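# Summary of structural features
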Amino acid sequence: MPQELIVFIKHLINGVQVGSIYALVALGYTMVYGIVKLINFAHGDFIMVGAYAALFSIPVLTGIGLPAWFCVFVAVAACALLGVVTEKVAYKPLRNSPRISALITAIAVSLLLQNLFMVCFTSSPRPFPEIFHVPDLRLGSIQINGVAVLTIVLSAVLMIALQLFVQKTKLGRAMRAVSEDSEAASLMGISVNRTISMTFAIGSGLAAVASVMYGSVYPLIDPYMGSMLGLKAFIAAVLGGIGIIPGAMLGGLVIGLVESLTKAYINTQLADAVVFGILILVLIIKPEGIFGKNIGEKV
Amino acid sequence: MLKVSDLKVSYGAIQAIKGISLEVNEGEIVSLIGANGAGKTTTLHTITGLTKAQSGSVELEGRNLLATESHKIVSLGLAHVPEGRHIFSSLTVEENLMMGAYIRKDKERIQQDLSRVYTLFPRLQERREQAAGTLSGGEQQMLAIGRAMMSNPRILLLDEPSMGLSPLLVKEIFHIIKELNQQGMTILLVEQNARMALSISNRAYVLETGKIVMEGEGQELLQDDQVRKAYLGA
């Protein structure tokens, strides 16, 4: 196999790996938007909180004889709790207010989390230890990083599980019903509050998984790490069609690939510009996103 | 069965319901008629907790509904078919019907009720796999009623079931309402189509700007001069 092709494939895999992380984060944006029509701008910072929760739990876990990667569970629990509490405290009181109020509040929550963590843990980056010890995968002359394979497989499994949950289970049906028409859902006997809490918990939990996988690729964490990652995942969600779960998955992969290939073949510093350029293009050409439909409703 | 006493509801500074009292007895069809903005829909919304009351009481078989969370009311045997149908348009017809049975666990009875709905509305059976948003207005209304029936209620609140339907469909829907009632369902009906509503009702209340201005038997109100002038265009 020619060397160029091998390098290209490596960049592709790299893109899919980062893209899977974006997809996991984008799912949180899209699920929350689908159900409460709010862009939760604090979602990116949930990732940061997840990364810190994972980092701080590692010594404790290894101290009691558990493997370090159990920190994923701690991060998921911490983020799910954070998501549910944020919704109850900050967003729920504004549910009947103009949407812009909730949006501004979300930005405030984002700033609050960033600054709170900066005050508590300083702004200097902390190294994230290597917690997954997976052997590299060899396919002929191509060697694939084990963590990359793990990230891709884990994300795929989570996304399939999420899709099955939403489509096939009773709680998933309740989620779809609330996202479509919360009043009618309530008349069916569905607790709208509980469904919204569940959505925030799942979305934030996925962000926590993303945080640990991200820490394994870029092993430095700081209080601001969530803002850029969050923004790119948000673009992924918009690209796929905000509110649409498969859209977030596809959007994440596309953004990851574009970023990786731009870095490899155009210019590293242009990668972010290209990603934001995609956002602008989407908003101009197809604002409803790839999977979005302009649904005509019968009156 | 359902008893509303001195109910008051406000939207901000505007009082939409200014102290109304009404009662629905078991087995009856009671209708609430009145012009646009009289407070008919608000009354139903307050009964099922979608709108908060300011004061007064709503009791279903002695149980205080105002203190019951909206999503818990359907399990007490009261189903509400909202104005504008509010079906889940991206879900299929059958998924919509199954949403109606969300709180139930008795699988066999749910299947029985599903076939009962399909017998009542054969057109829904033909379209069971179709996305509900693609149905015609009349079919959507049938779906909304069918979905409410899937919770196996004892009392049904119907809000403007005739809205936007052709005269022929209105007739069909009212025929079905009558049939449901004959099978033992208690019904509280809100309608702008006063003639249709009164003709099938045991009793009716006339609502005007948040107050009940008249009440009586359906046939009696149909003959009443004031009602004829104001609501029947005669």
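The rules behind the values
Residues numbered from 1 in each chain as written. Chains lettered and ligands numbered in written order. Predicted model: local features only at pLDDT ≥ 70, side-chain atom pairs only at ≥ 80, totals over all residues. Heavy atoms only, no water. Patch = residues over 30% accessible without salt bridge, like charges linked within 9 Å, V, L, I, M, F, W, Y side chains within 5 Å. Areas by Shrake-Rupley, 256 points an atom, 1.4 Å probe, with all protein chains shown as cover. Salt bridge = Lys/Arg side-chain N within 4 Å of Asp/Glu carboxyl O. Helix = DSSP H or I, 4+ residues; strand = E, 2+ residues; numbered from the N terminus. Buried < 20%, exposed > 50% of the residue type's maximum accessible area, 1.4 Å probe, protein only. Pairing = 2+ DSSP bridges. Contact = heavy atoms within 4.5 Å. Expected span 1.5 Å × (residues − 1). Arc of directions from axis to C-beta. pLDDT = per-residue confidence, 0-100.

All names here are of chain A. A cluster of nonpolar side chains, namely M1, L5, V7, F8, Y265, I266 and L270, defines an oily patch on the protein surface of about 660 Å² accessible area. The residue Y265 is located in helix α10 (residues 245-265) in this model. Y265 gets classed as partly exposed once you look at its relative accessible area, which sits at 48%.

Residues and elements named next belong to chain B. In terms of burial, strand β3 (residues 29-34) is a largely internal element, 6 of the 6 residues being buried. Of the two faces of β3, both are covered, the one formed by I29, S31 and I33 as well as the one formed by V30, L32 and G34. As judged from the 5 bridges shared by β3 and strand β8 (residues 186-191), these two strands associate in the parallel manner. Pairing of I33 across the sheet is with E191, part of β8. As judged from the 5 bridges shared by β3 and strand β9 (residues 203-208), these two strands associate in the parallel manner. Of the residues in β9, the one forming a bridge with S31 is A204.

Attention shifts here to the environment of H71 of chain B. By secondary structure assignment, the location of H71 of chain B is in helix α2 (residues 70-73). Each C-alpha atom, one on H71 of chain B and one on V30 of chain B, is 24 Å from the other, the two residues being 41 residues apart in sequence. Here H71 of chain B is in contact with S186, G189, I190 and S191 of chain A, once residues within four sequence places are set aside.

Here we take up the environment of Q3 of chain A. Tracing the sequence through the fold places Q3 of chain A in helix α1 (residues 3-36). With 139 residues separating them along the chain, Q3 of chain A and I142 of chain A place their C-alpha atoms 9.8 Å apart.

With that settled, the discussion passes to the pattern of salt bridges. Side-chain pairing between opposite charges can occur once the charged atoms of the two side chains come close. All names here are of chain B. For the structure shown, the criterion picks out 16 salt bridges over all chains. With a closest N to O distance of 4.0 Å, K40 and E160 form a salt bridge. Placement of K40 in helix α1 (residues 40-47) and of E160 in the loop between β7 (155-159) and α7 (167-182) is noted, with a sequence separation of 120 residues between them. Assigned by exposure class, K40 and E160 land together as buried. Among the salt bridges present, the one from D106 reaches R104, with a minimum N-O distance of 3.4 Å. In this structure D106 comes out as partly exposed when scored by relative accessible area, which is 32%. R104 sits in the buried class, given a relative accessible area of 9%. Three or more residues joined by partner-sharing salt bridges are found here, namely R104, D106, D113 and R116.

All right, on to helix α3 (residues 71-91) of chain A then. Residues and elements named next belong to chain A. For α3, which comprises 21 residues, the first-to-last C-alpha distance of 28 Å matches the rise-based estimate of 30 Å (1.5 Å per residue) to within 8%. Buried within α3 we find C71, V72, A75, C79, A80, L82, G83, T86, E87, A90 and Y91. Down the axis of α3, the buried side of the element spans an arc of 165°, and every buried residue falls inside it. Exposed residues on α3 whose side chains face more than 90 degrees from its buried face are F73, L81 and V89. Close packing links the buried residues of α3 with α2 (43-63), α4 (99-121) and α8 (192-217).

On average, residues of chain A score 92 in pLDDT, and 98% of them are at 70 or above. Within chain A, strand β2 (residues 137-139) of chain A has the poorest average pLDDT of any element, 85, and α3 of chain A the best, 97.

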